[in-house]
Amino acid sequence: GLWALNPVHTSTITYLVQRMAAMMSLFFILSVAFYASGRSLVLKRGSYTSKSILCFALSFLCMLLAFLSKENSIMLPPTLACVELWFFRPHLIAEMWAFIRRRRILSLVGLMIVLVILYYKVPPLLTAYTYRHFTLSERLLTELRVVVWYISVVLWPDPGRLSLEHDFPISTSLIHPPSTLACLALLLAMIFWALRERRRFPLASFGIVWFFLNLAVESSFVPLELVFEHRVYLPSVGLVLSVVVLLRAALRRAFLQTSPANSRKLGWCLVAIIASGLTLATFSRNTVWENSVALAQHDARINPNCPRAHVNLAVMLNKAHRFQEALISAYRAVEVSRPNYEVYSVAANALVLAHSH
């Protein structure tokens, strides 16, 4: 519930084109839930039953629906593998390695197939960097800071930080800006903790793995835009799960002498306070989405050097017949456009469109 109330998810729900992200997340979570239910039944009964087979069938059906909803659902099979490793077969990696050693030829053929697919699919994909204002290495470095920013807006979703468009400074090396190296250290520390504490805190560590797995497509080498808030919709499920589990453990330790009844009251009071704050923040964020001009103005105000934000504002003002203001925004979009930035021509077109009136 606390995950759904987060105002950072406004762009996923309100922005119609990103309903596919919400649909994919629904089928993704259902697939994982049905799979875990089926495995629990098998573990409890000691064999496959009609109920467990039904759960696996529903999991597979939801997986297909997730695949049909959005491309980054490709991370569902690895997520199910982590569910198996974390909660049902802790020695899964050792078993897989033993299988590879026994079936070396089959494993080699499988590896060759994967390499061939990557050879024919990845290089054409990377040609899209020609039309970006950043290189592959710059994107990988910048995404370190972007992922930390995602964590920050999930944990502290101030509506004033949220925007449909973002002007995120490029990282050119690990020390330019210095926060790049700090973000790398933080992310590595999170991954290390999740792997190390897998058995002590299974839910919390799994939540962290869930977070990183479901950002792997849109925050890696694929030449997409650097940052969009809707990308954290599904990954934030794991992050919120980790925070809630660890916070609960910390409160239980802090109030060890408190009676169970009072502990429950304290927990529900805390949930009510957080839910109230998130509700107010979500309401505030949605007021910006009341009309397209207000949204575009908000984006251009908090991202003054983002060409796309000014292009959007010019187009929205032009549609509202506020032509003089549209001209100013269009000129600003051209002014802040960078080499190879794909919105330069769009900004010029918006300028001409506004000039024609």
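The structure displayed is predicted, hence computed values, not measured ones. (Residues numbered from 1 in each chain as written. Predicted model: local features only at pLDDT ≥ 70, side-chain atom pairs only at ≥ 80, totals over all residues. Heavy atoms only, no water.)

Trainee: I would appreciate a short explanation of the overall build of the protein in the present structure.
Mentor: Assigned secondary structure in the protein consists of 15 helices and 0 strands. If one aligns the C-alpha atoms of the protein with their principal axes, the spans along those axes are about 75 × 60 × 45 Å. Burial status across the protein gives 41% buried among its 357 residues. Long-range contacts, defined as pairs at least 24 residues apart, comprise 73% of the intrachain contacts of the protein with a sequence gap of at least 6. (Helix = DSSP H or I, 4+ residues; strand = E, 2+ residues; numbered from the N terminus. Buried < 20%, exposed > 50% of the residue type's maximum accessible area, 1.4 Å probe, protein only. Contact = heavy atoms within 4.5 Å.)

Trainee: Explain the packing of aromatic side chains to me, please; I cannot follow it from the model alone.
Mentor: To describe a pair of aromatic rings, you give the distance between the ring centres and the angle between the ring planes. By the definition in use, this model includes 10 aromatic pairs. On the basis of an interplanar angle of 75 degrees and a centroid distance of 5.4 Å, the ring pair of Phe28 and Trp210 is categorised as edge-to-face. In this pair, Phe28 sits in helix 2 (residues 19-45) while Trp210 sits in helix 9 (residues 202-213), placing the two residues 182 residues apart along the sequence. Of the residues examined, Trp210 reaches a relative accessible area of 6% and is grouped as buried. Ring centres 6.1 Å apart and planes at 80 degrees place the aromatic pair Tyr129 and Phe134 in the edge-to-face group. By relative accessible area, Tyr129 is classed as buried at 10%. Ring pairing ties together the aromatic residues Phe28, Trp86, Phe87, Phe206 and Trp210, which thus form one cluster. Lying over the aromatic face of Trp86, Arg198 brings its terminal NZ or CZ to 5.5 Å of the ring centre. (Phe/Tyr/Trp six-rings, centres within 6.5 Å; stacked < 30°, edge-to-face > 60°. Lys NZ or Arg CZ within 6 Å of the ring centre and 35° of its normal.)

Trainee: Sorry if this is basic, but what is going on with the nonpolar core here?
Mentor: Across soluble globular proteins, nonpolar side chains have a tendency to be buried as a group. Of all hydrophobic cores here, the largest spans 49 residues; its most connected members are Leu187 and Phe211. Of all elements in the fold, only helix 2, helix 3 (50-69), helix 4 (76-88), helix 7 (136-155), helix 8 (179-196), helix 9 and helix 10 (235-254) reach the threshold of two or more residues within this core. If you tally residues by element for this core, the top one is helix 7, at 10 residues. In contact with Phe211, other than residues within four places in its own chain, are Val147, Ile151, Val232, Pro235, Ser236 and Leu239. Judged by nonpolar contacts, the second largest core, of 7 residues, contains Val293, Ala296, Ala300 and Met316. (Core = buried A, V, L, I, M, F, W, Y, C linked by side-chain atoms within 4.5 Å.)

Trainee: Looking at this structure, I do not really get helix 9. What am I missing?
Mentor: An α-helix turns once every 3.6 residues. As a result, residues three or four positions apart point the same way. Counted at 1.5 Å a residue, the expected span for helix 9 with its 12 residues is 16 Å, and the 16 Å between its end C-alpha atoms agrees. Of all 12 residues that make up helix 9, 10 are buried, and the element is covered over most of its length. For helix 9, the set of buried residues is Ala204, Ser205, Phe206, Gly207, Ile208, Val209, Trp210, Phe211, Phe212 and Leu213. Looking at the buried positions of helix 9, the neighbouring elements they touch are helix 2, helix 4, helix 7, helix 8 and helix 10. (Expected span 1.5 Å × (residues − 1).)

Trainee: Looking at this structure, how should I read unusual backbone geometry?
Mentor: Trans peptide bonds make up the majority, and among non-glycine residues the majority have a negative phi. Residues His176 and Pro177 are joined by a peptide bond in cis, for which omega reads 0 degrees. Following the sequence through the fold, Pro177 ends up in the loop between helix 7 and helix 8. One non-glycine residue, His321, lies in positive phi territory at about 65 degrees.

Trainee: How do you make sense of the packing of helix 2 against helix 4 when you look at a structure like this?
Mentor: Helix-helix packing is described using two parameters, namely the angle between the two axes and the distance between the axes. With their axes 10 Å apart at the nearest point, helix 2 and helix 4 run at an angle of 35 degrees to one another. Of the two possible hands of crossing, helix 2 and helix 4 adopt the one that is right-handed. Between helix 2, through Phe28, Ser31, Val32, Tyr35, Ala36, Arg39, Ser40 and Leu43, and helix 4, the contact on the second element is made entirely by Leu76, Thr79, Leu80, Val83, Glu84 and Phe88. Of the residues contributing to the contact of helix 2 with helix 4, the split by class is 9 nonpolar, 3 polar and 2 charged. (Axes fitted to C-alpha atoms, helices over the stretch in contact; angles between N-to-C directions. Left-handed = near helix turned anticlockwise from the far one by under 90°. Nonpolar A, V, L, I, M, F, W, Y, C, P; charged D, E, K, R; others polar.)

Trainee: How should the environment of Asn286 be read in this particular structure?
Mentor: By secondary structure assignment, the location of Asn286 is in helix 11 (residues 260-288). The partly exposed category is assigned to Asn286, whose relative accessible area is 30%. Spatially, the C-alpha atom of Asn286 lies 30 Å from that of Leu76, the residues being 210 residues apart in sequence. Beyond its immediate chain neighbours, meaning those up to four positions away, Asn286 contacts Thr10 and Thr14. Side chain to side chain, Asn286 and Thr14 meet in a polar contact 3.4 Å long. (Polar contact = N/O pair within 3.5 Å; in protein donor to acceptor, adjacent residues only side chain to side chain.)

Trainee: When you look at the pattern of salt bridges in this model, what are you seeing that I'm missing?
Mentor: Two side chains of opposite charge can pair, provided their charged atoms sit close to one another. The full count for this structure, using the stated rule, is 11 salt bridges. Residues Arg89 and Glu84 are paired through a salt bridge, measuring 3.9 Å at the closest nitrogen-oxygen approach. Note that Arg139 is salt-bridged to Glu143, the shortest N-O span being 3.9 Å. Of the two residues, Arg139 and Glu143 both sit in helix 7, 4 residues apart, roughly one turn of that helix. Each of the two residues, Arg139 as well as Glu143, counts as buried. What you see here is one network of salt bridges that share partners, running through Arg39, Glu84, Arg89 and Glu95. (Salt bridge = Lys/Arg side-chain N within 4 Å of Asp/Glu carboxyl O.)

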